[in-house]
Amino acid sequence: MMKIMNFMLNTHAKSLNAVIFLAGVALAMKLALIARVTSYSLLSLFFYFSVFFLYHDVTQLRISMAIAIFLLALYLMDKGRKNLGVAAYGAAMLTHFQTLVSPMAQLANTIIGR
């Protein structure tokens, strides 16, 4: 029985470390992109931490990572690195399928706006 308990505790600790690592990576990516893109860094950080941080980075880790990769894809495409941006967008789609909705909304906006 003790071996089973030790196995469960070790497995749980490893998965918890992985979750904390992925959440840290997603948070670091978002903070770096916010700092690079906006001219009002403190206001943007205040808005991010007051609205999105607890909801995404604490409870929904997979979509948090997908959003971070998607924001990176948008940043890369804006800087003219389209191939790398498309690859990052593909990685975001593989992380969470919900990232498919945003480009479809942009396409619909472009078609309707004509």
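Note that the structure is predicted; figures quoted are calculated from it, not measured.

What counts, and at which threshold
- Residues numbered from 1 in each chain as written.
- Predicted model: local features only at pLDDT ≥ 70, side-chain atom pairs only at ≥ 80, totals over all residues.
- Heavy atoms only, no water.
- Phe/Tyr/Trp six-rings, centres within 6.5 Å; stacked < 30°, edge-to-face > 60°.
- Buried < 20%, exposed > 50% of the residue type's maximum accessible area, 1.4 Å probe, protein only.
- Helix = DSSP H or I, 4+ residues; strand = E, 2+ residues; numbered from the N terminus.
- Expected span 1.5 Å × (residues − 1).

Asker: Looking at this structure, I do not really get the packing of aromatic side chains. What am I missing?
Answerer: Working definition: an aromatic ring pair is given by the centre-to-centre distance plus the angle between the planes. Scanning all chains against the criterion turns up 2 aromatic pairs. Here the aromatic rings of Y48 and F49 are separated by 5.3 Å at their centres, their planes lie at 70 degrees, and the arrangement is edge-to-face. Among the residues examined, Y48 registers a relative accessible area of 8% and is labelled buried. Owing to a relative accessible area of 36%, F49 belongs among the partly exposed residues under this scheme.

Asker: Got a minute to help me understand helix α3 (residues 61-78) in this structure?
Answerer: Every α-helix winds through 3.6 residues per turn, so residues three or four apart in the chain are directed the same way. Compared with an ideal rise of 1.5 Å per residue, which puts 18 residues at 26 Å, α3 spans 26 Å between its outermost C-alpha atoms and is within 8% of the ideal. Along α3, the residues classified as buried are I63, S64, M65, A66, A68, I69, F70, A73, Y75 and L76. Directly after α3, the chain includes G80, whose backbone phi takes a positive value near 90 degrees.

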